[in-house]
Amino acid sequence: MTVSLSDLSAFLEVVRCGSVSRAADALGITQPSVSKAIRRMEQFAGVPLLERGIHGARLTADGGWRTLP
């Protein structure tokens, strides 16, 4: 499995914005598309990369500067 540039862009935008919905707005795509991109990134990494909650999303310990396989 490989990571696409669009998946990586979505992940980085969520980190930058702190929210999946704000990242979707900034990228001009739907929130479910961003969520799917994050799931693919997490599948690739093998660990949760973001904590999602009612107040947004933030990096997990594994999500920050972790070396991906």
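Description of the structure in this document.

Criteria and thresholds
Residues numbered from 1 in each chain as written. Predicted model: local features only at pLDDT ≥ 70, side-chain atom pairs only at ≥ 80, totals over all residues. Heavy atoms only, no water. Axes fitted to C-alpha atoms, helices over the stretch in contact; angles between N-to-C directions. Helix = DSSP H or I, 4+ residues; strand = E, 2+ residues; numbered from the N terminus. Parallel < 35°, antiparallel > 145°, perpendicular 65-115°, else oblique. Left-handed = near helix turned anticlockwise from the far one by under 90°. Contact = heavy atoms within 4.5 Å. Nonpolar A, V, L, I, M, F, W, Y, C, P; charged D, E, K, R; others polar. Salt bridge = Lys/Arg side-chain N within 4 Å of Asp/Glu carboxyl O. Expected span 1.5 Å × (residues − 1). Buried < 20%, exposed > 50% of the residue type's maximum accessible area, 1.4 Å probe, protein only. Arc of directions from axis to C-beta. Core = buried A, V, L, I, M, F, W, Y, C linked by side-chain atoms within 4.5 Å.

## Examining the packing of helix α2 (residues 20-27) against helix α3 (residues 31-45)
1) Next: Here α2 crosses α3 at 110°, and the two axes come no closer than 8 Å. Between α2 and α3, the angle falls in the class roughly perpendicular. The two elements α2 and α3 cross, and the hand of that crossing is right-handed. Contact with α2, carried on its side by V20, S21, A24 and L27, involves Q31, V34 and S35 of α3 and no other residues of that element.
2) Next: By residue class, the composition of the contact of α2 with α3 is 4 nonpolar, 3 polar and no charged.

## Here we look at the pattern of salt bridges
Oppositely charged side chains may form a pair once their charged atoms are brought near each other.
1) Next: The final tally for this structure, using the stated rule, is 4 salt bridges.
2) Next: Here R52 makes a salt bridge to E42, at a shortest N to O gap of 3.2 Å. Taken together, the positions of R52 in strand β1 (residues 50-53) and E42 in helix α3 put the pair 10 residues apart, joining distant regions of the chain.

## Section: helix α1 (residues 5-17)
Two residues of an α-helix separated by three or four positions point the same way, owing to the 3.6 residues in each turn.
1) Next: With 13 residues, α1 ought to run about 18 Å at 1.5 Å a step, and its terminal C-alpha atoms sit 18 Å apart, in line with that.
2) Next: Looking only at α1, the buried set comprises D7, A10, F11, E13, V14 and C17. For α1, the angular spread of the buried residues around the axis is 165°, confining them to a single face. Facing away from the buried side of α1, by more than 90 degrees, are the exposed residues L5 and R16.
3) Next: Looking at the buried positions of α1, the neighbouring elements they touch are α2, α3, β1 and β2 (56-59).
4) Next: Phi turns positive one or two residues past the end of α1, at G18, with a value near 80°.

## Concerning the nonpolar core
1) Next: Ranked by size, the top nonpolar core spans 15 residues in total, and within it F11, V14, V34, I38, L49 and L50 carry the most contacts.
2) Next: Looking at this core, the elements that each hand over two or more residues are α1, α2 and α3.

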